[in-house]
Amino acid sequence: MLDLSLFSQVSFSAGIASGLLSYIVLFGSLFAVPFFLERGLGMSVGRAGLVLAAMPISLGLTAPFAGRAAERLGARPLTVAGMLISAASLILLAAAHGSPGPVVVDLIVLGASLGLFTPANNAAIMGSAPSRHAGVASGVLNMTRGLGTAMGLALSSLVLGAFAPTEGASVADVTRGFEATVVVLAGIAVTAASVALLRTSAPLVLDPLGTAE
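All values derive from a computational prediction rather than experimental measurement.

## Thoughts on helix 1 (residues 10-40)
The terminal C-alpha atoms of helix 1 lie 42 Å apart, and with 31 residues this matches the ideal 45 Å at 1.5 Å per residue to within 8%. Most of helix 1 is tucked away, with 22 of its 31 residues classed as buried. One or two positions beyond helix 1, positive phi appears at Gly42, with a value near 75°.

## Some remarks on the pattern of salt bridges
Using the criterion set out here, one finds 1 salt bridge in the structure. With a shortest N-O distance of 2.4 Å, Asp173 and Arg176 are connected by a salt bridge. Taken together, the residues span about one helical turn, with Asp173 and Arg176 both in helix 7 (residues 171-196) at a distance of 3 residues. Its relative accessible area of 23% is what places Asp173 among the partly exposed residues. Residue classification places Arg176 among the partly exposed positions, given a relative accessible area of 42%.

## Observations concerning the nonpolar core
Ranked by size, the top nonpolar core spans 38 residues in total, and within it Met83, Leu90, Val103, Leu107 and Phe178 carry the most contacts. Broken down by secondary-structure element, the contributors of at least two residues to this core are helix 1, helix 2 (45-52), helix 3 (54-73), helix 4 (75-94), helix 5 (100-128) and helix 7. Those residues in contact with Leu107, other than ones at most four positions away along the chain, are Val33, Val51, Leu52, Ala54, Met55 and Leu93.

## Some remarks on a nonpolar patch on the surface
Together, Leu2, Leu4 and Phe7 make up a nonpolar patch on the protein surface, roughly 280 Å² of accessible area in all. The residue Phe7 is located in the segment before helix 1 in this model. Classification of Phe7 by relative accessible area gives partly exposed; the value is 33%.

## Brief notes about the packing of aromatic side chains
By the definition in use, this model includes 3 aromatic pairs. Pairing Tyr23 with Phe27 gives two aromatic rings, centres 6.5 Å apart and planes at 35°, and the pair type is tilted. With a gap of 4 residues between them, Tyr23 and Phe27 both fall in helix 1, about one helical turn apart. Residue classification places Tyr23 among the buried positions, given a relative accessible area of 6%. Taken together, a centroid distance of 4.3 Å and an interplanar angle of 5° make the contact between Phe36 and Phe178 stacked.

## Some points on helix 6 (residues 134-163)
A rise of 1.5 Å per residue sets the reference length of helix 6, with its 30 residues, at 44 Å; its end C-alpha atoms lie 44 Å apart and thus fit the reference within 8%. Those residues of helix 6 not exposed but buried are Ala137, Val140, Leu141, Thr144, Gly148, Gly152, Ser156, Val159 and Leu160.

## A word on the confidence of the model for the chain
Considering every residue of the chain, the mean pLDDT works out to 87; 92% of them sit at 70 or more. Low confidence marks residues 206-213, where pLDDT is under 50. Its contacts with residues over four positions away, or in another chain, come to 11 contacts.

## What to know about the environment of Ala150
Examined against the element boundaries, Ala150 turns out to sit in helix 6. As for Ala150 and Pro64, which are separated by 86 residues in sequence, their C-alpha atoms are 26 Å apart.

## Comments concerning the environment of Leu197
Checked against the element boundaries, Leu197 lands in the segment after helix 7. Separated by 51 residues in sequence, Leu197 and Gly146 have C-alpha atoms that sit 24 Å apart. Among all residues touching Leu197, those that are not within four sequence positions of it are Arg76 and Val80.

## Here we look at the packing of helix 1 against helix 6
Following both chains from N to C, one finds helix 1 and helix 6 inclined at 40°, their axes separated by 7 Å at the closest point. Looking at the two axes, helix 1 sits oblique to helix 6. In the packing of helix 1 onto helix 6, the handedness of the crossing is right-handed. Class assignment of the residues belonging to the contact of helix 1 with helix 6 gives a composition of 17 nonpolar, 8 polar and 1 charged.

## A few points about the packing of helix 5 against helix 6
Contact pair helix 5 / helix 6: the axes reach a minimum separation of 9 Å and the direction vectors enclose 145°. Here helix 5 and helix 6 pass one another in a crossing that is right-handed. Facing Asn122, Ile125 and Met126 of helix 5, the residues of helix 6 in contact are Ala134, Ala137, Ser138, Leu141 and Arg145. Across the contact of helix 5 with helix 6, the residue classes break down as 5 nonpolar, 2 polar and 1 charged.

Reading the values: the criteria
Here the residue numbers are simple positions, counted from 1 along each chain's written sequence. Totals for whole chains, interfaces and linings use every residue, but because this is a predicted model, local features are given only for residues with pLDDT of at least 70 and side-chain atom pairs only at 80 or more, for both listing and counting. Calculated side-chain values reflect all of the structure's heavy atoms, with hydrogen atoms and water omitted. By definition, any uninterrupted DSSP run of H or I lasting at least four residues is a helix, any uninterrupted run of E lasting at least two residues is a strand, and each is numbered from the N terminus. Working rule for helices: expected span equals 1.5 Å times residues minus one. A simple rule labels every residue: compare its accessible area, found with a 1.4 Å probe on the protein chains alone, to the largest value its type can have, and call it buried under 20%, exposed over 50%, or partly exposed in between. The term salt bridge refers to a side-chain nitrogen of Lys or Arg lying within 4 Å of a carboxyl oxygen of Asp or Glu. Here, the term nonpolar core denotes a set of buried Ala, Val, Leu, Ile, Met, Phe, Trp, Tyr and Cys residues that are joined through side-chain atoms within 4.5 Å. The contact criterion used is simple: two residues touch if any of their non-hydrogen atoms lie within 4.5 Å. Exposure above 30% relative accessible area and the absence of a salt bridge qualify a residue for a patch, where like charges join within 9 Å and nonpolar side chains (Val, Leu, Ile, Met, Phe, Trp, Tyr) within 5 Å. Here the Shrake-Rupley method, with its probe set to 1.4 Å, supplies the accessible areas, and only the displayed protein chains count as covering residues. Two rings belonging to Phe, Tyr or Trp (six-membered ring only in the last case) form a pair when the distance between their centres is within 6.5 Å. Interplanar angles under 30 degrees mark stacking, angles over 60 mark edge-to-face geometry, and anything in between is tilted. pLDDT is a per-residue confidence score from the predictor, ranging from 0 to 100. Angles shown run from 0 to 180 degrees and are taken between the N-to-C directions of axes, each axis being a line fitted to C-alpha atoms and, for helices, limited to the stretch in contact. Under this scheme an angle from 65 to 115 degrees is roughly perpendicular, one under 35 degrees roughly parallel, and one over 145 degrees roughly antiparallel; angles in between are oblique. Put simply, a crossing is left-handed when the front helix is turned counterclockwise from the back one by less than a right angle, and right-handed when it is turned clockwise. Lys, Arg, Asp and Glu make up the charged group, whereas Ala, Val, Leu, Ile, Met, Phe, Trp, Tyr, Cys and Pro make up the nonpolar group; the residues left over, Gly among them, are polar.

Next up, the structure:
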């Protein structure tokens, strides 16, 4: 069912690996941030949801422009920059205390950086696979999304739980757990950027149907 020769192509393997790491960052953040907002900053569930919405909204607004830019610039500069900016925004999140304002700004930047990475990376993955393996490549891409989601949730819950293992954990414990979690996620983002550097720097070419070649 899976032609392993696909992974002999550096562009494909680098795209899959960096994509997996990016989903760990994305869903790990989506899991950790609400805990900090509610139990660290004392927000209500509704207000925390509104603050958290800044991240997916920013991602959705950025992604279409990133896809067009990838056609001219290629995937490598966008994916590397996207993950490095993600790492920087996560480090800034670790330093956000006392006020939701800096958190909102950091979440907007984090969402935009992931929106910069994701469409360019996905197009590059599909473009690096021979047309006869398009279905297999798409399946592997979707598998990494599900796997990255599970791994991101597991990793964030593991780190948070190490510092704040009970419902009655103090604000200080929750804050320390959140800081440790986003620093770990920042390290994963830097690793994803390093892996993305391995791919070719050639611009993406789209056929009339809009699929990468």
